[in-house]
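Chain residues, written in single-letter form:
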Amino acid sequence: ETGVTQSPTHLIKTRGQQVTLRCSSQSGHNTVSWYQQALGQGPQFIFQYYREEENGRGNFPPRFSGLQFPNYSSELNVNALELDDSALYLCASSFNAYEQYFGPGTRLTVT
Amino acid sequence: RKEVEQDPGPFNVPEGATVAFNCTYSNSASQSFFWYRQDCRKEPKLLMSVYSSGNEDGRFTAQLNRASQYISLLIRDSKLSDSATYLCVVKAPKRSGAGSYQLTFGKGTKLSVIP
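About the criteria used
- Residues numbered from 1 in each chain as written.
- Chains lettered and ligands numbered in written order.
- Predicted model: local features only at pLDDT ≥ 70, side-chain atom pairs only at ≥ 80, totals over all residues.
- Heavy atoms only, no water.
- Contact = heavy atoms within 4.5 Å.
- Buried area = accessible area lost by both parts, 1.4 Å probe.
- Salt bridge = Lys/Arg side-chain N within 4 Å of Asp/Glu carboxyl O.
- Polar contact = N/O pair within 3.5 Å; in protein donor to acceptor, adjacent residues only side chain to side chain.
- Helix = DSSP H or I, 4+ residues; strand = E, 2+ residues; numbered from the N terminus.
- Nonpolar A, V, L, I, M, F, W, Y, C, P; charged D, E, K, R; others polar.
- Pairing = 2+ DSSP bridges.
- Axes fitted to C-alpha atoms, helices over the stretch in contact; angles between N-to-C directions.
- Disulfide = S-S within 2.5 Å.
- Buried < 20%, exposed > 50% of the residue type's maximum accessible area, 1.4 Å probe, protein only.

1. What to know about the interface of chain A and chain B
Reasoning step 1: Contacts between chain A and chain B engage 21 residues on the former and 21 residues on the latter.
Reasoning step 2: Taken over both partners, the interface formed by chain A and chain B buries close to 1,900 Å², and the fraction arising from carbon and sulfur atoms is 49%.
Reasoning step 3: Here chain A is connected to chain B by zero salt bridges.
Reasoning step 4: Where chain A touches chain B, the interface holds three residue pairs in polar contact (both at pLDDT 80 or more).
Reasoning step 5: Elements with a minimum of two residues in the side of chain A that touches chain B: strand E4 (31-37), strand E5 (44-50), strand E6 (53-57) and strand E10 (101-102) of chain A.
Reasoning step 6: Of the residues forming the side of chain A that touches chain B, the biggest block, three residues, is contributed by E6 of chain A.
Reasoning step 7: Considering only residue class, the side of chain A that touches chain B consists of nine nonpolar, nine polar and three charged.

What follows is the structure, encoded as structure tokens:
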């Protein structure tokens, strides 16, 4: 096991609602990255946090936002949920953004 | 051209076979390269980093050709447990923000090892 945990494991929301996903990084890691993985696709980079600051962002709209806390855990917030937001959301932690280790993911379904 | 491109497969091979996966990337500023494996409905797991000189880990060999912007993964003596999707991953600096970079994943190549 990688030591990266995510909660919740599954979530069902309706369109227009807001959701918060959580990630605890592996001990000793200072960087957390978030990815969205749709069925049959590779993970798509959402953003990365390094020492509590956003340090890189993919092509996702501003309604995807995040936080990193002093203990390096992180949250991903998605506002105004759309049907296409249904996916597996993966968090990965690393030390100084090198080799990334993934958590088990949160499967989000938007109805 | 896609940033990271892989043959989606599926590759169906018998146990004991040797199989090779290829991956090409478009950003010449890419710095680091990795192979991950992902089992069905599970998270990706780091298989190996890819070094410029090529590297081997047991039955797995990874190679990098920077001139051709090409990465490969060779699996020898395939086992049933090797059945998974193999993801090629490339790390490159982002245009915006000093020290900012992005990991880009390919869509993955599915491998099925058959008894």
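2. Topic: the pairing of strand E3 (residues 19-24) of chain A
For a regular strand, side-chain orientation follows a simple rule: the groups alternate between the two sheet faces.
Reasoning step 1: As defined by bridge partners, strand E1 (residues 5-7) of chain A adjoins E3 of chain A across three bridges and the pair is classed as antiparallel. Note on E3 of chain A: the bridge partner recorded for Gln 6 of chain A is Cys 23 of chain A.

3. Thoughts on the sheet that holds strand E8 (residues 74-78) of chain A
Residue and element names in this part refer to chain A.
Reasoning step 1: Here we have four strands laid out as an open sheet, ordered E1-E3-E8-E7, and antiparallel in their pairing. Each having just a single partner strand, E1 and strand E7 (64-68) make up the two edges of the open sheet. The average angle at which neighbouring strand axes cross in this sheet is 20 degrees, direction not considered.

4. A look at the state of the cysteines
Reasoning step 1: This model, assessed by the stated rule, comprises two disulfides over all chains.
Reasoning step 2: With a sulfur-sulfur separation of 1.7 Å, Cys 23 of chain A is cross-linked through a disulfide to Cys 91 of chain A. With a gap of 68 residues between them, Cys 23 of chain A in strand E3 and Cys 91 of chain A in strand E9 (residues 87-94) connect regions that are remote in the sequence.
Reasoning step 3: When its relative accessible area of 2% is taken as the criterion, Cys 23 of chain A is described as buried.
Reasoning step 4: Disulfide partner of Cys 23 of chain B: Cys 88 of chain B, at an S-S distance of 2.0 Å. Between Cys 23 of chain B and Cys 88 of chain B the sulfur-sulfur dihedral comes to about -75 degrees; the bridge is accordingly left-handed. In this pair, Cys 23 of chain B sits in strand E3 (residues 19-25) while Cys 88 of chain B sits in strand E9 (residues 84-93), placing the two residues 65 residues apart along the sequence.

5. A closer look at the sheet that holds E3 of chain B
Residues and elements named next belong to chain B.
Reasoning step 1: Within the open sheet, the five strands sit side by side as E1-E3-E8-E7-E6. Their pairing is antiparallel. At either end of the open sheet lies a strand with only one pairing partner, and these are strand E1 (4-6) and strand E6 (55-57). Adjacent strand axes in the sheet meet at a mean angle of 20 degrees, parallel and antiparallel pairs treated alike.

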